[in-house]
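Observations on chain architecture
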Amino acid sequence: MIRKTKAEITKCILHKVANKFNSGQNVFSEDLIRFDQESYDLMKGFLLKPFGNLTQSYRFTKHEDVRLNEVNKFASEIFNDEESFVEYSKSIVNHLFEQSNSAQIKTGDVLVVFIEGIEYKDVLTEAIGVFKIENKVDFFQTYLDDNESFDVVVQKGISTKRIDKGCLVLNTSDQEGTVVLSVDNNNYDAQYWSKNFLSVKLADDYNSHTQNYLEMCKEFSEEVIKPELGMHEKGNFLANTVDYFKENEAVDYATFKDEVFEEEKHKEKFDEYKQHFEKLNDVLIRNNFDVSGVVLKKEKNKLKTEIKLDTNINIKLDVDAPEAASEYLERGYDEEKKMKFYKVYFNEEK
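Residues numbered from 1 in each chain as written. Predicted model: local features only at pLDDT ≥ 70, side-chain atom pairs only at ≥ 80, totals over all residues. Heavy atoms only, no water.

1. Some details on the packing of aromatic side chains
Working definition: an aromatic ring pair is given by the centre-to-centre distance plus the angle between the planes. Here is the rule we go by: Stacked, edge-to-face and tilted are the three classes for Phe, Tyr and Trp ring pairs, Trp counted by its six-membered ring, which pair at centre distances within 6.5 Å; planes under 30 degrees apart are stacked, over 60 edge-to-face, the rest tilted. Strands here are runs of E lasting at least two residues and helices are runs of H or I lasting at least four, both read from the DSSP assignment and numbered beginning at the N terminus. Note on classification: 1.4 Å probe, protein chains only; a residue is buried when its accessible area is under 20% of the maximum for its type, exposed when over 50%, partly exposed between these limits.
According to the stated counting rule, one finds 21 aromatic pairs in the structure shown. Between phenylalanine 220 and phenylalanine 261, the ring centres sit 6.0 Å apart and the planes meet at 85 degrees, which makes this aromatic pair edge-to-face. With a gap of 41 residues between them, phenylalanine 220 in helix α5 (residues 206-229) and phenylalanine 261 in the loop between α7 (253-260) and α8 (264-281) connect regions that are remote in the sequence. Of the two residues, phenylalanine 220 and phenylalanine 261, neither departs from the other in class, the shared state being buried. When the centroid spacing of 6.2 Å and the interplanar angle of 75 degrees are considered together, the rings of tyrosine 244 and phenylalanine 245 count as edge-to-face.

2. Structural notes on the sheet that holds strand β1 (residues 8-17)
The cut-off we apply is this: A pair of strands is treated as paired once DSSP finds two or more bridges between them. Here, axes are lines fitted to C-alpha atoms. For helices the fit covers the stretch in contact, and angles between N-to-C directions go from 0 to 180 degrees.
Spatially, seven strands are ordered β1-β3-β4-β7-β8-β2-β9 in an open sheet, and the strand pairing comes out antiparallel. Edge strands, defined here as strands with exactly one partner in the open sheet, are β1 and β9 (200-202). Neighbour to neighbour, the strand axes of the sheet diverge by 30 degrees on average, direction disregarded. Of the strand pairs in this sheet, strand β4 (residues 123-133) and strand β7 (residues 165-174) are connected by six bridges, and their pairing is antiparallel.

3. Here's the deal with the pattern of salt bridges
We count it as follows: The salt bridge definition used is simple: a Lys or Arg side-chain nitrogen within 4 Å of an Asp or Glu carboxyl oxygen.
Under the criterion given, the structure shown has 22 salt bridges. Between aspartate 258 and lysine 267 there is a salt bridge, and its shortest N-O distance comes to 2.7 Å. Given a relative accessible area of 12%, lysine 267 falls into the buried group. We note a salt bridge from glutamate 335 to lysine 338, for which the minimum N-O separation is 3.5 Å. Lysine 338 matches glutamate 335 in its accessibility class, with the two residues each being exposed.

4. Brief notes about the side chain of arginine 59
Definition in use: Pairs of N or O atoms within 3.5 Å make up the polar contacts considered here, provided that, within protein, one atom can donate a hydrogen while the other can accept it, and that residues adjacent in sequence are counted only when both atoms are side-chain atoms. Only heavy atoms matter for contacts: two residues are in contact if any of them lie within 4.5 Å across the pair.
Among the structural elements, arginine 59 can be located in strand β2 (residues 58-60). Within the structure, arginine 59 has its side chain in polar contact with the side chain of aspartate 174 (distance 2.6 Å). With residues up to four places along the chain from it excluded, the contact list for arginine 59 reads Tyr120, Asp174, Glu176, Gly177, Thr178, Val179, Val180, Ser199, Val200, Lys201 and Ala203.

5. Observations regarding the packing of helix α2 (residues 70-80) against helix α3 (residues 85-98)
Worth spelling out the cut-off: By the definition adopted for this analysis, an angle is roughly parallel if under 35 degrees, roughly antiparallel if over 145, roughly perpendicular if from 65 to 115, and oblique otherwise. Ten residues, namely Ala, Val, Leu, Ile, Met, Phe, Trp, Tyr, Cys and Pro, are considered nonpolar, four, namely Asp, Glu, Lys and Arg, are considered charged, and the remaining ones, Gly among them, are considered polar.
In the contact formed by α2 and α3, the axes pass within 9 Å of each other and the chain directions differ by 170 degrees. Put simply, α2 runs roughly antiparallel to α3. Residues Glu70, Val71, Phe74, Glu77 and Ile78 of α2 form the contact with α3, whose own contacting residues are Phe85, Tyr88, Ser91, Ile92 and His95. Residue composition of the contact of α2 with α3, by class: six nonpolar, two polar and two charged.

6. Overview of unusual backbone geometry
Most peptide bonds are trans, and most residues other than glycine sit at a negative phi. Here aspartate 122, not a glycine, exhibits a phi torsion of approximately 65 degrees, which is positive. For aspartate 122, the location among the structural elements is in the loop between β3 (108-120) and β4. Judged by its relative accessible area of 65%, aspartate 122 is exposed. Positive phi, close to 65 degrees, is recorded for asparagine 312, a residue that is not glycine. Along the chain, asparagine 312 turns up in the loop between β12 (306-308) and β13 (314-316).

7. Focus on α8
Working note: α-helix, 3.6 residues per turn, so residues spaced by three or four point in the same direction. Spelled out, the test is: For a helix, the expected span equals 1.5 Å multiplied by the residue count minus one.
Relative to the 26 Å expected for 18 residues at 1.5 Å per residue, α8 spans 26 Å between its end C-alpha atoms, a close match to the ideal helical length. As for α8, its buried residues are in contact with α5, α6 (231-247) and α7.

8. Quick notes on the packing of α5 against α6
Quick reminder of the rule: Definitions for this section: a left-handed crossing has its near helix turned counterclockwise from the far helix by less than a right angle. A right-handed crossing has that turn clockwise.
With their axes 8 Å apart at the nearest point, α5 and α6 run at an angle of 160 degrees to one another. Here α6 runs roughly antiparallel to α5, going by the angle between their axes. Crossing geometry of α5 relative to α6 is assigned as right-handed. Facing Thr210, Tyr213, Leu214, Cys217, Lys218, Phe220, Ser221, Glu222, Ile225, Lys226 and Leu229 of α5, the residues of α6 in contact are Met231, Glu233, Lys234, Phe237, Leu238, Thr241 and Phe245.

9. Some points on the environment of phenylalanine 35
When you line up the elements, phenylalanine 35 lands in the loop between β1 and α1 (37-48). Spatially, the C-alpha atom of phenylalanine 35 lies 9.2 Å from that of cysteine 12, the residues being 23 residues apart in sequence. Setting aside anything within four residues of it in sequence, one finds phenylalanine 35 in contact with Cys12, Tyr40 and Met43.

10. With respect to α1
The end-to-end C-alpha distance of α1, which contains 12 residues, comes to 17 Å, matching closely the 16 Å that a straight helix rising 1.5 Å per residue would cover. For α1, the complete set of buried residues consists of Tyr40, Met43, Lys44, Phe46, Leu47 and Leu48. Where α1 is buried, its residues meet β1, β3, β4 and β7.

Set out below in structure tokens:
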């Protein structure tokens, strides 16, 4: 999504964000962090690495006026006047604090950075980055004690393996608005970061169309197919969905239903669920769109097709092989044992 070859972090400040629900208090820094070369190189890679492989971008939203979006407003002020960086970095943290309306929202360190030389779609631009560190890891610190012997003590610090939550607000826009990139690796509250804090929506492109459709199919399989027809049919539906997306460069809603569903009543239930999903998630599911292969590859890994049985036996279906479950797996009921069963056909064990 971005290239960081020429990127430089020119300003970085660290604040502490509390939890409003627990009557906590934010703690602010007044001065920028001054890095040595080793810590700067490590910090730059740590913060920017997650955005290199993103396939989707977001745009700010606000019901009244997008210019009233808090993060958009604060970032715009910084872009217009870099001297206001420290002041508006505090405003960003205060806005984040206001979203902590439940006990499960975690406190943490917040890094706000100003970045120059970010390359997005072959154009160099600036970016405001906001990163929340929610989890610390234990590590051993060695030291020399009073007896001139080495000892160790356990301390907590920030792991450089991945950020918990982060976003880049780019100083560039298209017909939909300012470009925003976001990651959330601790998705304990899906609304907290992207909806409440950033107030963003996916860009209206084939990447988001593909993700929304696959998300709808995943939820339909869980909420409709699984309760009515069981895990076997849920796995069949998901495998057939993935197969359709793999075999077609573009999705046609009517054709999809004809290929995936055999009975008319299931097509009608899918129509009803589509309306429910759109209303619940405030999205429009397109009836025709091009398939994003990158998003398909990412999303299909989230599709759970494992049949877990109460006899401590699990059957894992391959979502890339839609014909396998229907041809080589049978479900039945044993009158003698008074138990349900699955019969699996195979040639040899692997």
